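These are the residues of each chain, in order.
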Amino acid sequence: MDKTILTIPGDLPGLSYSLTVLRFAGTDPTAPTAYLQAALHGNELPGVAALHVLIPKLKAAEAEGRLKGSITVVPFANPIGLNQFQWDDHQGRFFYGNRTNFNRAFALIDRPDPALLAVPDDASCDRRLKATLQGLALDADLVLDLHCDNEGPNYLYMPAELWPHSADLAAALDCAAVLTFEGGTDASFDEAAFRPHLASGNFERRVVATVELKGVHDVGPETARKDGEGIYRFLVGRGAIADPSAAPVGPFTGKGVPQSYVEMVRAPVGGMAFFHVKPGDVVKAGQLVAELIPVPGDVSAVAPVHAAAPGLVLTRVLARAIRVGDDLVKIVGDKRSATAKDGGALET
Ligand SMILES: [Zn+2]
């Protein structure tokens, strides 16, 4: 394993950020290569936990000559967001410097040419970081960007072109759903990592996914082991690692649908939320999802929130103090949702 610490210059003299990159050298130049990163949103640690389990397995594979394809791992992909706190609250999603989501506004380039990722001298540090991450992922066949949601099971986002032949990743990680997107998602990392290869048309060998590993509090030895071993079995199945002892990946049994099938259930008023559903529940059209209580004690003011269509409750917000317009749950339906929009990511 080669460990490199890259420096991302900060926006003031004397300020810089360290990006640790781990490289594992494969022995077969024809085998698929992989790039894995975690915590692009700073404090989303389930992916870091999975890598904590995976990295020793990659070291062993490399040492034993079983690593076929080269693999690059960035355990903490966002040292800028990792260091953003507002008093005691971690704020890893948006760059304090310009309010841009760390997983949006990546450069969309149409071929895998590193020169196209060059940033101007006056680029801010978040843009430098994004260009660096894109460069590290540029030539990889298998690109996994490990995130997490608020509360929920494992699920994936990926370009529609890569579905369903990437179902092995979903199966290996025991995903409840795969949400595919056509066109843009506001230049999220997965969109930007896939775009340079779109013209090649060679999609069978390629996997690019945003991997949502449960909820932000699901960080612990059991989920880490399950997710880390799941990624390992996926890499073995793809031929990046040789390991006859690894259990083969079974069939994917979850839902694979366009992300436009997701109903984003939003709060019609602000208030305290009483939820009546949880991730994993299957709801009917019109079923009570939550009650929002703007005035404690005033039953007449309680605002019920219902599912517009039947589906699987995929995720639920962690907060119980809800602002008007906040996303409450995602429900995966069987057809295009009334809340679907044309293009763009599901969330800001
Ligand atoms: Zn995230």
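Parameters at a glance
- What you see as residue numbers is a count from 1 along each chain, following the sequence as written.
- Given that the model is predicted, a residue must reach a pLDDT of at least 70 before its local features are reported, and side-chain atom pairs must reach 80 or more before they are shown or counted; all residues, however, enter totals for whole chains, interfaces and linings.
- Working from all heavy atoms in the structure, the side-chain values ignore hydrogens and water.
- UniProt positions are given in the numbering used here, feature names are shortened, and annotations may be inferred rather than shown by experiment.
- With water omitted from the atoms examined, metal sites may look incomplete; donors here are N, O and S atoms no farther than 2.8 Å from the metal, or 3.2 Å in the case of Na, K and Ca.
- Four donors are marked tetrahedral only if all angles between them lie between 85 and 135 degrees, whereas four are marked square planar and six octahedral if opposite donors are more than 155 degrees apart and the other angles lie between 65 and 115; the remainder are marked irregular.
- In this description a helix means any DSSP run of H or I spanning at least four residues, a strand means any run of E spanning at least two, and both kinds are numbered starting from the N terminus.
- Here the term buried applies to any residue with accessible area under 20% of the maximum for its type, exposed to any over 50%, and partly exposed to those in between, with areas from a 1.4 Å probe on protein chains only.
- Working definition: a disulfide is two cysteine sulfur atoms within 2.5 Å of each other.
- Here a strand pair is declared whenever DSSP counts at least two bridges between the two strands.
- Each residue gets a pLDDT score, which is the predictor's confidence in that residue and runs from 0 to 100.

As recorded in an unreviewed UniProt entry, the chain goes by the name Peptidase M14, listed as coming from Pleomorphomonas diazotrophica. The record held by UniProt for the chain lists under Cofactor (unreviewed entry) the comment "Zn(2+)".

Novice: Just checking my understanding: could you explain the coordination of the zinc ion for this structure?
Specialist: Reference values for coordination geometry: four tetrahedral donors around a metal ideally subtend 109.5 degrees, six octahedral donors ideally subtend 90 or 180 degrees. Every protein donor of the zinc ion is listed here as His-41 (ND1), Glu-44 (OE), Glu-44 (OE) and His-147 (ND1), and their distances to the metal cover 2.0 to 2.6 Å. Geometry at the zinc ion is irregular, judged from its four donor atoms and the angles of 53 to 149° they form at the metal. Each donor residue of the zinc ion belongs to the same chain, with the gaps between them written as H-x2-E-x102-H. Here the residue His-41 occupies a position in the loop between strand 3 (34-38) and helix 1 (46-63), and His-147 occupies one in strand 7 (residues 142-149), the gap between them amounting to 106 residues. On the accessibility criterion, His-41 (3% relative accessible area) is buried. For His-147, a relative accessible area of 2% translates into the label buried.

Novice: Looking at this model, I keep getting lost on the state of the cysteines. Mind explaining?
Specialist: Linking two cysteines covalently via their sulfur atoms produces the bond known as a disulfide. All told, the structure shown has zero disulfides when counted by the stated rule. The thiol of Cys-175 is not disulfide-bonded; the next cysteine sulfur, from Cys-148, is found 14 Å away.

Novice: Looking at this structure, I do not really get the sheet that holds strand 18 (residues 321-322). What am I missing?
Specialist: Hydrogen bonds along the backbone pair up the strands of a sheet, which may run parallel or antiparallel. Strand order in the open sheet made by the four strands is 16-15-13-18, with antiparallel pairing throughout. At either end of the open sheet lies a strand with only one pairing partner, and these are strand 16 (303-306) and strand 18. Pairing analysis gives four bridges linking strand 15 (residues 288-293) to strand 16, with the strands arranged antiparallel. Paired with Ala-290 across the bridge in strand 16 is Val-305.

Novice: Looking at this structure, I do not really get the pairing of strand 17 (residues 311-316). What am I missing?
Specialist: For a regular strand, side chains alternate in direction, first toward one face of the sheet and then toward the other. Within strand 17, six of the six residues are buried, which leaves the element mostly enclosed by the surrounding structure. Where strand 14 (residues 282-283) lies against strand 17, two bridges are found, and the strand directions are antiparallel. When the bridges of strand 17 are listed, Val-282 appears paired with Leu-312. Of the strand pairs in this sheet, strand 17 and strand 19 (residues 327-332) are connected by four bridges, and their pairing is antiparallel. When the bridges of strand 19 are listed, Leu-312 appears paired with Val-332.

Novice: Quick question: what am I supposed to make of the confidence of the model for the chain here?
Specialist: The predicted coordinates of low-pLDDT regions are not to be read in fine detail. Chain-level pLDDT for the chain is 97 on average; 100% of the residues reach the 70-or-more range. Ranking the elements of the chain by mean pLDDT puts strand 6 (residues 89-90) last, at 94, and strand 4 (residues 71-74) first, at 99.

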